[in-house]
Structures are given as structure tokens and as C-alpha cells.
Amino acid sequence: MAVKMATSKPALPGETGPPGAETPGDVLEVDGVSVRLAGRLVLDDVSFSVRRGEFVGLIGANGAGKTTLLRVILGLQQATGGRLSVSGRPSGRGVVGYVPQKIQLDPDMPVRARDLVGLGLDGQRLGLPLPSRRRREQIDAMLEAVDATRFANQRVGNLSGGEQQRIMIAHALISQPRLLLLDEPLANLDIRSAQEIVALLARITREHGVSVLISAHEMNPLLPVLDRIVYLASGRAASGTTDEIITEDVLSRLYGYHVDVLQVHGRVLVIAHAGDGFEVLAGDESAAAPGHPDHAPAGLEQ
Amino acid sequence: MSWLFKPGFFASSPVHVALVIGGIAALVCGVVGAFTVLRGQSYSGHALADLAVTGGSASFLSGISPLWGFAGMGVLAAGVMDMIGIRRARGRDLATGIVRGAGLGFGALFLYWDTTHTSATGVAITILFGSMFTTSTSVIPLVAGFGVPALAIILVLYRPLLLSSVSADAAAARGVRVRLTGLLCLVAIALAVSLAAITVGAILSTALLVGPAAIALRVTNTPARATVVAALIAVLATWLGIVLAYDSFSWPPSHDGWPVSFFIVTLIFLAFVGAQLLGRGRRNALTASAG
């Protein structure tokens, strides 16, 4: 793991060297990317890479800049500094698969699951989609791959959150991208649905040889399948294996103040002290309770 | 069928013109309307209909066909809405509301000048509620000239429009030029509204744009079928409205005919209520069988 030493701020694991450090196996190389929005530095010199076939988690609290970083990679947001390479291109627009955080489909809208998957195949093309046996077979195969055949003809707006995520994953994968970006796909899912989606992602991306960069503010469901982690906080990023990054030393340097890393009932919690209580920075979205120990997760009462 | 088609209906020249113009306008409104509703732009359609009042009343002042005024003002307003921010839902409603308010102010002024400073009679009624039976045959090529580009925009951009309706970011990630696509869709809506305005009047034009589409989206299961069914409903309602309006010349109270726009929007409304009841019945049946 390359480590860059900086004079103005502590060095963090994963901060890479000068531009051009991309290795042949890298599908994505983010090198010193900074983004300033409305005068606020949202991303500050962020560097990491995703190698071929890797499953990488982009972890950080809400507002940490995860969606902004994904939008920069997609070419939907201009970086104010740094360099980006997606399979040798300056942005991922048109070449990566993308699962957005939200889709806008009311139950009244007559868009079936198979229609949405088909749009992943050729939704950018002009003209009407002409019926073809090959196109139908591709869509059917993708629906089967994400175990969605049983609701293929139902309106997407009528499906559950987990079922919609399966359809969006199929939508993103059907064009056979080398890199799949997912923006908080586990948000608003119950624990069982989240586990099913994670297992599906791990299986299908392995089968298709796709690299994955998945953002989440709750990292625990992802820990069993992650090859590496990119942890965002205070606009900066640290990247490496989970064991390298989820440590008090690295995260304290990243946040700029002392944090504790606890293992509770098999779950990892990142905690900062706040007044008389604490704040859960990552690891359990239901436990953010600064100064309110009564709301602490089980086993953490002070 | 003589109970429906009164004597002279098929020989009447104004009826022929009304059937052609109304048919083209309804076809365009059905197709464009399906995407207006799918993309959640019904409010934009409503605002463009209000602004058609401004364009129509300005055209009377300058002595040109009201269709030029309806379409010109609509396309201009679509450009302004895009320029001042329609990319996010809240910004879109805000931009639409601001442009609509400003435009309606001019509409009120122009209508006042139309009625007080020109010799044209019934200008306000013509603009607000349409006058298909008094439309000249010379307008037919103009109607087709506005209808074809509106249809072309929707058919050419069918897939990018659909994808960006589901998620603008997902569409952009696939390489769709989301802003240009949205602007062209607004232009198509403006053209469709202008055609609806000469058919049922500016004030009622949203009914022809949104009504058939809202019905079609409830009774079909794919965007393509919804588009075709919306067009069919719009054309049928318009033609049946023309038939009933012709029949109404023998109806009380004064035997001088009821407005064709009344029949068209009422038929669409009744069809919508029918579709709602049908949908509710289906859902109840599904719930009962599931229970």
C-alpha cells in the first residue's frame, strides 16, 4: 500500500503518489481529486484505486461526499483538482454501470421491471426500441441472473425496495461494464433485504468479472464481502483493507480528533466522544446519540 | 346511426376541417401527453397552456393566426423555464410558476386590448375555449407543420426521455444529454399545447394533453402501449366531441350549438372516472383473491 507523506496534514493509507501511478490492473484511478461546492471543500485531495474484479466499499457518514465522489467518477460533477482515469478514460460516463440512490417511479407509471432493464441496454439510443429476439433473451438472462424473473412483468413502482434494487443492478450490469458504481443501495432496506442484496452483488459481480465501488454509511452488512475500503471523512479519504483502515489510529487522523473503534456483537462501531455522551460516526445508523447515553446501542451504556 | 350523426354532418365543410385539425391535435397531444405525465411535467403543461392565452391574444393584436401566437409563446416560455432552472423538481415548479405568473399578466393586458381596441368579435372566447367549426382550411398545413416536429421529438427521444424520467443521473451516466433532452421535451409539450389550444381553447388545452395520458397510464402496462392508447383516447374523444357538438345545434335552450370543447373535456373526464373505477375494481378483486 503506497503512503504519501504530506507536510500540512497527517498521511493516510491509500493516498497515492504522483499522476500516472495507475497500474495495469486498475479499472478506476482517483488521484488527488478535490471538489469545492458553494465555497465548501467537499473532497480534499482524495486518492484511491479500484483493481479489476475488486469489491470496494466507499464508507462515510451522510454528507461525507460519497455521492459527490461518485458523480465526479461518472463525469456528472466537475472536479476542481486532481486526475481521474476510468479504464483509461477521463470519466466513467457511458462506460460504467451506475445504480442511483433513488429512482422516480410511482406505482401508477406503466414501466415494468423488464422495461427498466432494457433501458440499461440501449436507453441512450435514439428512436423506438424495435422488438428483437436477441434483446429479449439478453433481458431475460439478466433478470434471471438477479433472481428477478418472477416479477419481470410487474410495474417497478409496485415492487419492494429490495426488488427495485435487484432491477437497478440488472439495469446497470446488462451493458457489461467493467466497473459498477452503487450509491447507497442498502439505504432504506431492512436487514434481511440488505444482506440479500450484498450476497447478490458479491455473487453476480464475481460471475461477471466486474469491479464494484459501493457507497454506504452503514458498513457492517458489507464487511464480509469487501476486498478493500475507502473511508471518507472531513473531505479526505483513507483506503486499504478493512483491517488497515478501521483502526483508531487511521480514523483519528482522518477525522482530525480521537475516535474509538469498537466491536459490539460482531458489529464494528466508530465512536467519537461528544460532551457527556458519544456519537456513533459509522457502523450503526440508528445509534447517533451525542450526549444521550440512554439512546446508546446495547452494551455501550456509559 | 342516424341518432348519432345528424343530417348534413358528413357533407359539412366546417365539420371536415374540425375533424382533420382536431384529429391531428389529439394525436399529438396523446403521444406528447403520455410523456408529460410520465415525466411528472403536468404542471409545466398547465403553465404552457396558460401562457398560450398570452400568445393567442398577442397574435390577434398583430393580425396573425392564433396558432403562431400559441406556439411561439409556448416555445419561448419553454426556453425560459429551462434557462432559469428546471432540472430539479422543486426548481422546475418554481421556474414554471414564475414564468407562468409573468406571462399571464401580459395575457390579461393583451386580452384587454383585444376586446377594447380591435374590431374582432369573440376574441376572448376563441382564445380561451377554441372555435374548431370556424377554423379555416388554410390552417391545416400549419397544424400539421407544428404537429410533425412534436411527434418527431417524442419518437426520436423515446428511450432517453424514458430513462431520464426514471433517474436523471442514471440517464446521464449512460451518456444521455439530460438537459437537452428535457428542453426538447418541453418544446414538444409547448407545440402540443398550442395545437390543443386551437382545438379546445387555451384554458382547456391541458385536459386534452394530460387527460387521455392519465387514463392510458392506468389501463396499460408498458410505456409504448400507454402512448398508443393515449393517442387513441384523445382522437376518439375529440371526434366524438365534434359529433355531439354538431348534434347540439338541435338541442335546447337556444338551438345554436354547445361548445365542442365542453364535449371533448367532459368525455375525457368521464373516461378518466371510468378508468379509476375499473382500476379500483381490479385492485379489490386482487386483494380478495390474495386474502
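Residues numbered from 1 in each chain as written. Chains lettered and ligands numbered in written order. Predicted model: local features only at pLDDT ≥ 70, side-chain atom pairs only at ≥ 80, totals over all residues.

Looking now at the overall build of chain A. Each helix and strand counted, chain A has seven helices and twelve strands in total. The buried share of chain A, taken over its 302 residues, is 46%. When contacts within chain A are restricted to residue pairs at least 6 apart in sequence, long-range pairs at least 24 apart make up 60% of them. (Helix = DSSP H or I, 4+ residues; strand = E, 2+ residues; numbered from the N terminus. Buried ≥ 20, exposed ≤ 12 C-beta atoms within 10 Å, placed from the backbone. Contact = placed C-beta atoms within 7 Å.)

Right, let's get into the overall build of chain B. Along its length, chain B carries twelve helices and zero strands. Reading the secondary structure of chain B in the N-to-C direction produces α-α-α-α-α-α-α-α-α-α-α-α. Against the compact-globule benchmark of 19 Å for 291 residues, chain B has a radius of gyration of 20 Å, which places it among compact chains. Taken along its principal axes, the extent of the C-alpha atoms in chain B is 55 × 50 × 30 Å. Per-residue burial over chain B gives 51% buried out of 291 residues. In chain B, the proportion of contacts linking residues at least 24 apart, taken out of those at least 6 apart, comes to 75%. (Rg over C-alpha atoms; globule rule 2.2 N^0.38 Å.)

Take the sheet that holds strand β4 (residues 81-86) of chain A next. One key point about sheets: their strands pair by backbone hydrogen bonds, in either a parallel or an antiparallel sense. Residues and elements named next belong to chain A. In spatial order, the strands read β2-β1-β4; together these three strands make up an open sheet with antiparallel pairing. Edge strands, defined here as strands with exactly one partner in the open sheet, are β2 (40-51) and β4. Across the sheet, the axes of successive neighbouring strands diverge by a mean angle of 15°, strand direction being ignored. (Pairing = 2+ DSSP bridges. Axes fitted to C-alpha atoms, helices over the stretch in contact; angles between N-to-C directions.)

Residue and element names in this part refer to chain A. Reading across the sheet, the six strands line up as β5-β6-β7-β3-β8-β9 and stay open at both edges, with mixed pairing between neighbours. Edge positions in the open sheet fall to β5 (97-99) and β9 (236-240), since each of these has one partner strand only. Along the sheet, successive strands turn relative to each other by an average axial angle of 15°, direction set aside. Relative to strand β7 (residues 211-216), strand β3 (residues 55-59) runs parallel, the two sharing five bridges. By the bridge assignment for β7, Ile-59 is matched with Ala-216. Contacts between helix α1 (residues 66-74) and the sheet are confined to β3, β5, β6 (179-183), β7 and β8 (228-233), with β6 contributing the most and set at about 150° to the helix. Its contacts with the sheet place helix α7 (residues 248-255) against β8 and β9, and it is angled at close to 35° to β8.

A few words now on the environment of Arg-192 of chain A. Residues and elements named next belong to chain A. Among the structural elements, Arg-192 can be located in helix α5 (residues 191-208). Judged by the 9 C-beta atoms lying within 10 Å of it, Arg-192 falls in the exposed class. With 50 residues separating them along the chain, Arg-192 and Thr-242 place their C-alpha atoms 23 Å apart.

Before going further, it helps to examine helix α2 (residues 42-62) of chain B. All names here are of chain B. Taking 1.5 Å per residue as the helical rise, α2 with its 21 residues ought to reach 30 Å, and the 30 Å between its terminal C-alpha atoms agrees with that figure. Among the 21 residues in α2, 16 count as buried, and that is most of the element. Phi turns positive, to about 75°, at Gly-63, one or two residues after α2. (Expected span 1.5 Å × (residues − 1).)

Next up on the list: the interface of chain B and chain A. Chain B puts 26 residues into the contact, and the matching count from chain A is 26 residues. For the side of chain B that touches chain A, the elements supplying multiple residues, two or more each, are α6 (139-156), α7 (158-166), α8 (168-173), α10 (205-219) and α11 (223-247) of chain B. No other element matches α7 of chain B, which puts six residues into the side of chain B that touches chain A.

Before going further, it helps to examine the confidence of the model for chain A. Looking at chain A as a whole, the pLDDT averages 83, with 84% of positions reaching at least 70. A low-confidence stretch, residues 1-8 of chain A stays under pLDDT 50, and its non-local contacts, those more than four residues away or across chains, total 15 contacts. (pLDDT = per-residue confidence, 0-100.)

Our next topic: the domain arrangement of chain A. Residue and element names in this part refer to chain A. Split into domains, chain A comes out as domain 1 (1-96 + 177-247), domain 2 (105-175) and domain 3 (259-295). On the side of domain 2, ten residues touch domain 1, which itself brings 13 residues to the contact. When residues in the side of domain 1 that touches domain 2 are grouped by element, the largest group, seven residues, is from α5. (Domains from an automatic or database assignment.)

With that out of the way, let us pick up the pairing of β6 of chain A. As a general feature of sheets, a regular strand has side chains that alternate between the two faces. Residue and element names in this part refer to chain A. Summarising burial for β6: five of the five residues are buried, a large majority. Both faces of β6 are covered, namely the face carrying Leu-179, Leu-181 and Asp-183 and the face carrying Leu-180 and Leu-182. As paired elements, β5 and β6 share three bridges and run parallel to each other. Each bridged residue has a counterpart across the sheet, and for Tyr-98 the counterpart in β6 is Leu-181. Note that β6 and β7 share five bridges and pair parallel. By the bridge assignment, Leu-180 is partnered in β7 with Val-212.

If you look at the biggest cluster of nonpolar residues, it comprises 183 residues, and the most contacted ones within it are Tyr-231 of chain A together with Cys-29, Val-32, Ala-192 and Leu-195 of chain B. For this core, the element with the highest residue contribution is helix α1 (residues 13-38) of chain B, accounting for 16 residues. Beyond its immediate chain neighbours, meaning those up to four positions away, Leu-195 of chain B contacts Ile-24, Ala-25, Val-28, Cys-29, Val-143, Phe-146 and Gly-147 of chain B. (Core = buried A, V, L, I, M, F, W, Y, C linked by C-beta atoms within 7 Å.)

Another aspect to go through is helix α3 (residues 133-145) of chain A. Residue and element names in this part refer to chain A. Spanning 13 residues, α3 covers 18 Å between terminal C-alpha atoms, matching the ideal 18 Å at 1.5 Å per step. Residues of α3 that are buried include every one of Ile-139, Met-142 and Leu-143, and no others. Taken down its axis, α3 places every buried residue within 100° of arc, on the same side. Exposed and oriented more than 90 degrees from the buried face of α3 are Arg-133, Arg-134, Glu-137, Ala-141 and Glu-144. Where α3 is buried, its residues touch α2 (113-122) and α4 (161-173). (Arc of directions from axis to C-beta.)

Our next topic: the environment of His-46 of chain B. Residues and elements named next belong to chain B. With respect to the secondary-structure elements, His-46 resides in helix α2. Assessed through the 18 C-beta atoms surrounding it within 10 Å, His-46 is described here as partly exposed. Each C-alpha atom of the pair His-46 and Ile-203 lies 8.8 Å from the other, and the pair is 157 residues apart in sequence.

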